[in-house]
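Report on the structure
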Amino acid sequence: MSKENKVRIYNRLFFKLYINYAVMLLVTAVLICLIFMKLYMDMTMERSLKELEYQAQVVSEITQEYIISEKINAFKNDIGRIEKVNDWDIWIVSNPMADNPMSYDMETSNTYEDFKAIPELSEYVELLDTTFNGQPVRREKYYDQIDERETIAVAYPIKMNNEVVGTVIVKQPFEEQPEIVSNSLYLIVLSSVVALGISFIIVIIFATELSLPISRMRVTALELAAGNYKIKTGINRNDEIGDLAKTVDILSEKLLENEIERQKLDQMRLDFFANVSHELRTPITVIRAYAETLADGVVKDPGTVEQYYNRMLAECKSMERLVGDLLTLSKMQNPDFAIEKEPVNVRQIFDDIIRSAGAIAKKKSISIELVNDDPVLMMLGDYDRLRQMFMVILDNAIKFSEENKTVHINLSKSDKIIVSIKDEGIGIAPADLENIFEKFYKSNLRQNESGTGLGLAIAKQIALKHDGKIEVYSTPGEGTEFIFYFPPYELEAQ
Ligand code: ADP
């Protein structure tokens, strides 16, 4: 294979497929990673907030108990401890709007008014207002400006006798637990790499499955281009590639058929030239020999001289016949040559040729029998050509029959005009039957001395030009029958 026919490595189907596959895989991995992280964060946040809310509720309940017991110091101690253990900030804020607000002494942070007044605390006012209405509130991750860290917070109402007397705000630093994230990232990257590795093998198999037949078809196409029409892809699959391979195989078959046909035509042309040259050379040689002898003046006997002239004349006639036949044949074979058709009575043609052939038949005591019920059998055609065609057959029938035999001619009409010319002659060997219509195919028998081997070829061309068909049946030693079929011409219809 030449260099320019090679496909560059990075252009190969396999690499293209693999790159696509890898990109797809990486995109999927990144997407999964992102979705996973988001889910993980949401879940962690939700869980932390839920826990914190529960704790805030507990603190709120503790506070209620201490409001009743009025042990403020013990209460503050407890709250301090809880804060320390959990790294929390617990703010307890009294509700100034309540009918019986809790004692300000119990507050562990600024008062509601302070929250409103101090800018850093104002962001919690909304939380307080909501809880004062009886609803617990969560605050998702935010940056706490006081502690300067990521924080979550829950505010929970403190109720006494169905009245919100204050609020517990529990704040907790919120850490993302980076090791979990990095661990998961590591796992995802690792599994992506493993998946890429496995997919490499899968793609190799898949791409080979795909690219092997394609490259085989390519080789086939290159071979076809180089003129090797015997090559086949050898691919048998039931998918689109299989269809394509089948098409390539059909193409190579057709090319092979065309090539064989072309070679046959070439051979026929060569044979034809050889035959024509040969057929012409023989009479020319004979004429030249006689002419030279006569010119030399060696032969003086008037009887012999006349004999020589007669032989020369006969050879000239034979050449004339040959050239005439060749001209007719080339004319008939020309696809542009159209026969001038007119209504012709086939019966009339036969009356005509039987009269013409009568003399030769009589010489051999051969009788010609015509069976025809209908004196009018019309078809469209050229009278002279049709006459020439039937004459070739009748001529052969007489030529290849022994003396005292009969030639039977039968004319009939069904949906076709059927003409049968049957002799009781020497017959044709089955192996020769398919060749008799070939140009220059002729028997070397003595009775065929004047034959050119072009008669049946011309007859066939004339029949074809008249949309007709010729069949031939023969048994050696018994006789031969030629049957013609022609489309009839309906007089009444015109
Ligand atoms: P030609 O008669 O000039 O030899 P044709 O083309 O007419 O050429 O015939 C070709 C050959 O077919 C003949 O040479 C002969 O061998 C064979 N043939 C044709 N008609 C008959 C027939 N009626 N009986 C036997 N052989 C025949």
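Here goes a summary of the coordinates provided.

Conventions and cut-offs
Per chain, residues are indexed from 1 in the order of the written sequence. Reporting of local features is limited, given that this is a predicted model, to residues whose pLDDT is at least 70; pairs of side-chain atoms are given and counted only at 80 or more, and all residues count toward the totals for whole chains, interfaces and linings. Just so you know, side-chain values use all the structure's heavy atoms and leave hydrogens and water out. Here a strand is any run of E in DSSP of at least two residues, a helix any run of H or I of at least four, and the numbering for each starts at the N terminus. Exposure classes here rest on a 1.4 Å probe applied to the protein chains alone. A residue is buried below 20% of its type maximum, exposed above 50%, and partly exposed in between. Here a residue-residue contact requires only that any non-hydrogen atoms of the pair lie within 4.5 Å. Polar contacts here mean pairs of N or O atoms no more than 3.5 Å apart (in protein, one a potential hydrogen donor and the other a potential acceptor; neighbouring residues in sequence count only if both atoms are side-chain atoms). Nearness of a residue to a molecule or strand requires only that one of the residue's heavy atoms be within 4 Å of it. Surface accessibility follows the Shrake-Rupley procedure with a 1.4 Å probe radius. Residue values consider only the protein chains on display as shielding. Gly counts as polar in this scheme, as do all residues outside two lists: the nonpolar Ala, Val, Leu, Ile, Met, Phe, Trp, Tyr, Cys and Pro, and the charged Asp, Glu, Lys and Arg. For two strands to be treated as a pair, DSSP must find no fewer than two bridges joining them. Fitted lines through C-alpha atoms give the axes, limited to the stretch in contact for helices. The angle between two N-to-C directions lies from 0 to 180 degrees. The set of buried Ala, Val, Leu, Ile, Met, Phe, Trp, Tyr and Cys residues whose side-chain atoms join them within 4.5 Å is what this entry labels a nonpolar core. Should an angle fall under 35 degrees it is taken as roughly parallel, and over 145 as roughly antiparallel, whereas 65 to 115 is taken as roughly perpendicular and any remaining angle as oblique. Here a crossing is called left-handed whenever its near helix is offset anticlockwise from the far helix by less than a right angle, and right-handed whenever the offset is clockwise.

The next subject is unusual backbone geometry. Phi at N404 is positive, roughly 65°, even though this residue is not glycine. With respect to the helices, strands and loops of the structure, N404 is situated in the loop between α9 (383–399) and β8 (406–413). Residue N404 is classed as exposed on the basis of its relative accessible area of 60%. Phi is positive for D467, close to 55°, though the residue is something other than glycine. Within the secondary structure layout, D467 lies in the loop between α11 (455–465) and β10 (469–475).

This next bit is on α11. Counting buried positions along α11 gives eight out of 11 residues, so the element sits mostly inside the fold. Packed against the buried residues of α11 are α7 (302–333), α9, β10 and β11 (479–486). Of the residues trailing α11, D467 is marked for its positive phi of about 55°.

All right, on to the environment of T151 then. For T151, the location among the structural elements is in strand β3 (residues 149–160). Sequence separation between T151 and Q172 is 21 residues; the distance between their C-alpha atoms is 5.6 Å. Setting aside its immediate chain neighbours within four residues, T151 contacts E140, K141, Y142, D144, K171, Q172, P173 and F174. Engagement of the side chain of T151 in a polar contact is seen with the backbone oxygen of R149, the distance being 2.9 Å.

Neighbouring residues of the ligand: 21 residues in total, closest N396, D423, S443, G453 and L456. The side chain of N396 places a nitrogen or oxygen atom 2.8 Å from an oxygen atom of the ligand. D423 places a side-chain nitrogen or oxygen 2.8 Å from a nitrogen atom of the ligand. In isolation the ligand exposes 530 Å². Once the protein is present, 95% of that is buried. When contributions to the shell around the ligand are tallied by element, the ones reaching two or more residues are α9, α11 and β11. Taken together, the residues that form the shell around the ligand break down as nine nonpolar, nine polar and three charged.

Below, the discussion takes up the environment of Y40. Mapped onto the secondary structure, Y40 falls in helix α1 (residues 13–69). It is 9.5 Å that separates the C-alpha atoms of Y40 and I180, two residues lying 140 residues apart in sequence.

Attention now moves to the sheet that holds strand β9 (residues 417–422). Two orientations exist for strands paired in a sheet by backbone hydrogen bonds: parallel and antiparallel. Ordered in space as β6-β8-β9-β11-β10, the five strands form an open sheet in which the pairing is mixed. One side of each edge strand has no neighbouring strand; the edge strands of this open sheet are β6 (367–372) and β10. On average, each strand axis in the sheet is inclined to that of its neighbour by 15°, with strand direction left out of account. Alignment of β8 against β9, held across six bridges, turns out to be antiparallel. For S412, the partnering residue across the bridge sits in β9 and is I418. Against the sheet, helix α8 (residues 346–363) engages β6, β8 and β9, with an angle of about 170° to β6.

In this section: the pairing of β3. A large share of β3 lies buried, amounting to nine of its 12 residues. Sheet analysis places strand β2 (residues 137–144) next to β3, joined by six bridges and oriented antiparallel. Bridged to D144 within β3 is R149. Sheet topology note: the β3/strand β4 (residues 163–173) ladder contains 10 bridges and is antiparallel. Across the sheet, K159 pairs through a bridge with V164, a residue of β4.

Residues F350, M389, F390, V419, I421, F482 and F484 are the most contacted members of the largest nonpolar core, which totals 48 residues. Every element with two or more residues in this core is listed here: α7, α8, α9, β8, β9, α11, β10 and β11. The leading source of residues in this core is α9, at nine residues. For F350, the residues in contact, after removing those within four places along its chain, are F390, I409, L411, V419 and I421.

Attention now goes to the packing of helix α6 (residues 240–296) against α7. Between α6 and α7, whose axes approach to 9 Å, the crossing angle comes to 160°. Here α6 lies roughly antiparallel to α7, going by the angle between them. α6 and α7 meet at a crossing whose hand is left-handed. Across the interface between the two elements, F272, V276, E279, L280, P283, I284, V286, I287, Y290, A291, T293 and L294 from α6 touch V305, Y308, Y309, R311, M312, E315, C316, M319, L322, V323 and L326 from α7. Residue composition of the contact of α6 with α7, grouped by class: 19 nonpolar, one polar and three charged.

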